[in-house]
Amino acid sequence: MSGDETTLRGDVLALEGVSVWLGGRQILDEVSFTLAPGDFAGLIGSNGAGKTTILRIIMGLQEPAEGKVLVDGRRLGRRNRSVGYVPQKVLIDPDAPLRARDLVALGLDGERVGPRIPSRRRRQLVDEMLEAVDAARFADARVGNLSGGEQQRVLIAHALISRPRLLLMDEPLANLDIRSGQEIVDLLARIACEQHIAVLLSAHDMNPLLPVMDRVVYVAGGRVAAGTTNEVVRTEVLSKLYGHPVNVLRVDGRVLVVSGSDVSLEAVPRQPQPGRPAAEATGRRGGGDV
Ligand SMILES: Nc1ncnc2c1ncn2[C@@H]1O[C@H](COP(=O)(O)OP(=O)(O)OP(=O)(O)O)[C@@H](O)[C@H]1O
């Protein structure tokens, strides 16, 4: 490992000055943040803020034009099992003969090199993982017949069975009712703590995460403010991030971020206006497209 590939506090994840241009537009502007083992972090931002782009960068699916991404202090290779990922939506035919336990077992095989795990051991590992996500009761059900919340649990087990150090989740609450969403959030917070891994979960609305979130990575205008919720979700910090005044209000235990005459329980609509490059808004001009 070279000198610049070490991190200061044993972080699982470090983004350092990451900038991305897509389609001639700057999408991320010198984004930096870190996550440590056991962190349960929300990646919060409105539609088009750049959350998925950040996840793609971390997975190595998108190369930054500037900056670097370190996972466990190393630059991420394309075939790296340190990062588990649960996509926003997986379409599975209800008639497909794929049981929950089969899907979880697929996570064992991924990019494995060397001898196959003996079948008894495989079954034990799958059972343990289904148990860990409270999915043992539907282990033999077809995945396509499971509810959204049940499918999420199976997908989480699939992502975790290769024992990643970092789990990324793209909008896991988007299609769940409030109760199922809260159960998934509680489950993920418990997993981060018990398995000592970092979990980064993207969402529009930070409110369901507030009771358990250790850290927030707030994305707006291609830039990021990261830290504990109390450090980041503040009027002065978010006003600076958005580049215009916003107010952070706490009402009935929920956080409202208020911009001008807009009042939203979710993140404030992205500034600047559509079509205006973020690079202009931050006073910098970018390089070429990636
Ligand atoms: N391949 C691409 N080419 C050009 N622009 C892109 C490309 N991919 C994403 N973008 C733009 O980058 C911006 C950020 O997109 P991204 O998907 O990261 O946002 P997001 O925060 O995940 O949004 P959402 O919550 O709606 O999923 C958007 O304006 C999007 O249109």
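Cut-offs used in this document
- Residues numbered from 1 in each chain as written.
- Predicted model: local features only at pLDDT ≥ 70, side-chain atom pairs only at ≥ 80, totals over all residues.
- Helix = DSSP H or I, 4+ residues; strand = E, 2+ residues; numbered from the N terminus.
- Buried ≥ 20, exposed ≤ 12 C-beta atoms within 10 Å, placed from the backbone.
- Contact = placed C-beta atoms within 7 Å.
- Near = placed C-beta within 6 Å.
- Pairing = 2+ DSSP bridges.
- Core = buried A, V, L, I, M, F, W, Y, C linked by C-beta atoms within 7 Å.
- Axes fitted to C-alpha atoms, helices over the stretch in contact; angles between N-to-C directions.
- Parallel < 35°, antiparallel > 145°, perpendicular 65-115°, else oblique.
- Left-handed = near helix turned anticlockwise from the far one by under 90°.
- Nonpolar A, V, L, I, M, F, W, Y, C, P; charged D, E, K, R; others polar.

- Per an unreviewed UniProt entry, the protein carries the name Metal ABC transporter ATP-binding protein and comes from Streptomyces humicola.

A few points about the overall build of the protein
- In terms of regular secondary structure, the protein is built from eight helices and 13 strands.
- Out of the 290 residues in the protein, the part that is buried amounts to 37%.
- Partitioning the contacts of the protein with sequence separation of at least 6, the portion at a separation of at least 24 is 68%.

Considering the site of the ligand
- Every residue close to the ligand is listed here: Leu22, Gly23, Ile27, Gly45, Asn47, Gly48, Ala49, Gly50, Lys51, Thr52 and Thr53.
- Looking at the shell around the ligand, the element that brings in the most residues is helix 1 (residues 51–59), giving three residues.

Some details on the pairing of strand 10 (residues 223–227)
- The pairing of strand 9 (residues 215–220) with strand 10 spans five bridges and is antiparallel. Each bridged residue has a counterpart across the sheet, and for Tyr218 the counterpart in strand 10 is Ala225.
- Hairpin connection, strand 9 to strand 10: the antiparallel pair is bridged by two residues, and Gly221 has positive phi, about 55°.

Focus on the nonpolar core
- The biggest cluster of nonpolar side chains holds 76 residues, and the ones touching the most others in it are Ala41, Val104, Ala157, Ala198, Val199 and Tyr218.
- Non-local contacts of Ala157, meaning those with residues more than four positions away in its chain, are made with Val104, Met129, Leu130, Val133 and Ala135.

Some points on the sheet that holds strand 5 (residues 74–75)
- If you walk across this open sheet you meet the four strands as 2-1-4-5, and the pairing is antiparallel. The two strands at the open ends of the sheet, each matched to only one other strand, are strand 2 (25–35) and strand 5.
- For strand 1 (residues 13–22) and strand 2, the ladder comprises seven bridges, and the chain directions are antiparallel. Following the sheet pairing, Ala14 is matched in strand 2 by Thr34.

Points about the sheet that holds strand 3 (residues 40–44)
- Taken together, the six strands give an open sheet; going across it, the order is 6-7-8-3-9-10, and neighbouring strands pair in mixed fashion. A strand with exactly one partner marks an edge of an open sheet, and here the two such strands are strand 6 (83–86) and strand 10. In this sheet, neighbouring strand axes are inclined to one another by 15° on average, regardless of whether the strands run parallel or antiparallel.
- Taken together, the four bridges between strand 3 and strand 9 define a ladder with parallel strand orientation. By the bridge assignment, Ala41 is partnered in strand 9 with Arg215.
- Contacting strand 3 and strand 8 (198–203), helix 5 (residues 178–194) runs over the sheet at an angle of about 155° to strand 8.

Some remarks on the packing of helix 4 (residues 148–160) against helix 5
- Taken N-terminus to C-terminus, the directions of helix 4 and helix 5 make an angle of 20°; their axes are 10 Å apart at the nearest point. The angle between helix 4 and helix 5 falls in the class roughly parallel. Viewed along their axes, helix 4 and helix 5 form a crossing whose handedness is right-handed. Between helix 4 and helix 5, the residues in contact are Gly148, Gly149, Gln152 and Leu160 and Ser180, Glu183, Ile184 and Ile191, respectively.
- The residue inventory of the contact of helix 4 with helix 5, partitioned by class, reads three nonpolar, four polar and one charged.

Considerations on the environment of Gly144
- Looking at the secondary structure, you find Gly144 in the loop between helix 3 (119–132) and helix 4.
- Accessibility expressed as a C-beta count within 10 Å gives 15 for Gly144, which makes it partly exposed.
- Taking the C-alpha atoms as reference points, Gly144 and Leu91, 53 residues apart in sequence, are found 8.0 Å from one another.
- Not counting residues up to four positions away in its chain, the partners in contact with Gly144 are Ile92, Asp93, Pro94, Asp95 and Ala96.

Some thoughts on unusual backbone geometry
- In this model, Glu30 sits at a positive phi of 50°, which is unusual for a non-glycine residue.
- Along the chain, Glu30 falls in strand 2.
- C-beta crowding within 10 Å serves as the criterion here: with 17 such atoms nearby, Glu30 is assigned to the partly exposed category.
- Of note in this structure, His196 is not a glycine but carries a positive phi near 55°.
- By the secondary structure assignment, His196 is in the loop between helix 5 and strand 8.

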